[in-house]
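# Coordinate analysis (summary)
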Amino acid sequence: MIDLHCHILHGIDDGAQTIEDSLHMAKQAVHEGIHTIVATPHHQNGKYMNEKNDIVHGVLVLNDYLLQENIPLTILPGQESRIYGEILTDYRSGKILTLNQTDKYIFIELPSSQVPQFTERLLYDIQAEGLIPIIVHPERNSRLIEEPDILYNLVNKGAMTQITASSLTGRFGKKIKKFSIDLIYANLTHIIASDAHNVSGRNFHMQEASEFIASECGMDTLYMFYENAEAIINGQACFKDTPDKVKKKKFLGIF
Ligand code: FE
């Protein structure tokens, strides 16, 4: 398995704090059947700044440790950038990292409870630059949960999305789990990744989520997620089904 979203580089965000933490995470990843991880430290989220060169260096260092420790895992460079107006200027000046440096896919994180006004325009501009924006964990954005048509519109206009393994396994509650399933059925998500931060509360859960997807949505959906992850690290085109709107079910009865 490939994990496209993980805070495994130590000491630069709220993920691994020490190299020992990174190695614990690496061992856990291998245990779950993950052979490749894209390290995606936070950038521009109001707390952490991690520019391209620092991440690339961190990945080299961690791969050296993995080799020394005989852990069969490869780390590739990536970045989880919060949406901000100057992202393209910073991309052009070499501060922004595409996933595995293929100049094709870029992670975009929205704030947790809103979708900024300029989102649609910026995602358009990113595509005009020749990149494909991937919105990370849309299932955890409270505005999108309330108004899924906003996400439908963004996906319909070319954005991709990544849902979190542990959202599907219920770590973030029933509402987020249900919305994650809704997004899969509406073809509004294209990748699953762990967003792991550690080996305790924010663990990988990729194996468990894979089993859940296989039984809930079928093997075809699971394979689509796996193949898209591979296409992304190779800078190739992903499989995308025509997006639908999430149907809002009215709850009946007395609570
Ligand atoms: Fe993350």
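Heads up: the structure comes first, above all this text.
Residues numbered from 1 in each chain as written. Predicted model: local features only at pLDDT ≥ 70, side-chain atom pairs only at ≥ 80, totals over all residues. Heavy atoms only, no water.

## A few points about the coordination of the iron ion
Quick reminder of the rule: Here the coordinating atoms are restricted to nitrogen, oxygen and sulfur within 2.8 Å of the metal centre, or 3.2 Å for Na, K and Ca, and because water is not among them the sites may look incomplete. Under this scheme a four-donor centre is tetrahedral when all angles range from 85 to 135 degrees, a four-donor centre is square planar and a six-donor centre octahedral when opposite donors are above 155 degrees with the rest from 65 to 115, and any other centre is irregular.
Taken together, His-5 (NE2), His-7 (NE2), Glu-80 (OE) and Asp-195 (OD) make up the protein donors of the iron ion, found 2.1 to 2.3 Å from the metal. The coordination sphere of the iron ion comprises four donor atoms, whose angles at the metal cover 82 to 167 degrees; the geometry is irregular.

## Some words on the nonpolar core
In plain terms, the rule: As used in this record, nonpolar core signifies buried Ala, Val, Leu, Ile, Met, Phe, Trp, Tyr and Cys residues forming a set joined through side-chain atoms within 4.5 Å. Relative accessibility under 20% of the residue-type maximum defines a buried residue, over 50% an exposed one, and the middle range a partly exposed one, all with a 1.4 Å probe and only protein chains included. Note on definitions: a residue-residue contact is assigned when non-hydrogen atoms from the two residues lie within 4.5 Å.
Ile-8, Ile-37, Leu-73, Ile-75, Ile-126 and Phe-204 are the most contacted members of the largest nonpolar core, which has 65 residues in total. Non-local contacts of Leu-73, meaning those with residues more than four positions away in its chain, are made with Ile-8, Ala-26, Ala-29, Val-30, Ile-34, His-35, Thr-36, Ile-37, Asn-63 and Leu-66. Membership of the second largest hydrophobic core comes to 18 residues, among which are Ile-2, Val-38, Ala-231 and Ile-233.

## Some points on the side chain of His-5
We count it as follows: Elements are defined by DSSP. Helices are runs of H or I of four residues or more, strands are runs of E of two residues or more, and each kind is numbered from the N terminus. Here a polar contact is recorded for every N or O atom pair within 3.5 Å, except that within protein the pair must consist of a potential hydrogen donor and a potential acceptor, and residues adjacent in sequence are included only if both atoms are side-chain atoms.
Note on placement: His-5 falls in strand S1 (residues 2-6). Within the structure, the side chain of His-5 is placed 3.3 Å from the side chain of His-7, a separation counted as a polar contact. Setting aside anything within four residues of it in sequence, one finds His-5 in contact with Val-38, Thr-40, Glu-80, Phe-107, Val-136, His-137, Gln-162, Ala-193, Ser-194, Asp-195 and Ala-196.

## Section: the pairing of strand S7 (residues 132-136)
Inclusion rule: Strand pairing is assigned whenever DSSP identifies at least 2 bridges connecting the two strands.
Burial within S7 is extensive, with five of its five residues counted as buried. Burial along S7 is two-sided: the residues Ile-132, Ile-134 and Val-136 and Pro-133 and Ile-135 are all buried. Inspection of the sheet shows strand S6 (residues 105-109) paired to S7 by four bridges, in the parallel sense. Bridged to Phe-107 within S7 is Ile-134. In terms of strand pairing, S7 meets strand S8 (residues 160-164) through three bridges, oriented parallel. For Ile-134, the partnering residue across the bridge sits in S8 and is Met-160.

## Brief notes about the sheet that holds S7
What counts here: Lines fitted to C-alpha atoms define the axes here, with helix axes fitted over just the stretch in contact, and angles between the N-to-C directions of these axes take values from 0 to 180 degrees.
Within the open sheet, the six strands sit side by side as S3-S5-S6-S7-S8-S9. Their pairing is parallel. One side of each edge strand has no neighbouring strand; the edge strands of this open sheet are strand S3 (42-43) and strand S9 (191-193). In the sheet, S8 pairs with S9 via three bridges, with the strands oriented parallel. The partner of Ile-163 across the bridge, within S9, is Ile-192. Of the strands in this sheet, S6 and S7 are in contact with helix H4 (residues 119-128), which crosses S7 at around 140 degrees. Across the sheet, helix H10 (residues 219-233) touches S6, S7, S8 and S9, and the angle it forms with S9 is around 85 degrees.

## Some points on the packing of aromatic side chains
How two aromatic rings sit relative to each other is given by the distance of their centres and the angle of their planes. This is how it is decided: For Phe, Tyr and Trp, where Trp contributes only its six-membered ring, two rings pair if their centres lie within 6.5 Å, and the inter-plane angle classes them as stacked under 30 degrees, edge-to-face over 60, or tilted in between. Here, a charge over a ring is recorded when the distance from Lys NZ or Arg CZ to the ring centre is within 6 Å and its angle to the ring normal is within 35 degrees.
This model, assessed by the stated rule, comprises zero aromatic pairs. Looking at Arg-140, its charged tip hangs above the ring of Phe-172, at a distance of 4.6 Å from the centre.

## So, unusual backbone geometry
For residues besides glycine, phi is generally negative; the peptide bonds are generally trans as well. The phi angle at His-137 is positive, at roughly 30 degrees, despite the residue not being glycine. Overall, the relative accessible area of 9% leaves His-137 in the buried class. Not every positive phi belongs to a glycine, and His-205 is a case in point at roughly 55 degrees. Examined against the element boundaries, His-205 turns out to sit in the loop between S9 and helix H9 (206-217). His-205 sits in the partly exposed class, given a relative accessible area of 22%.

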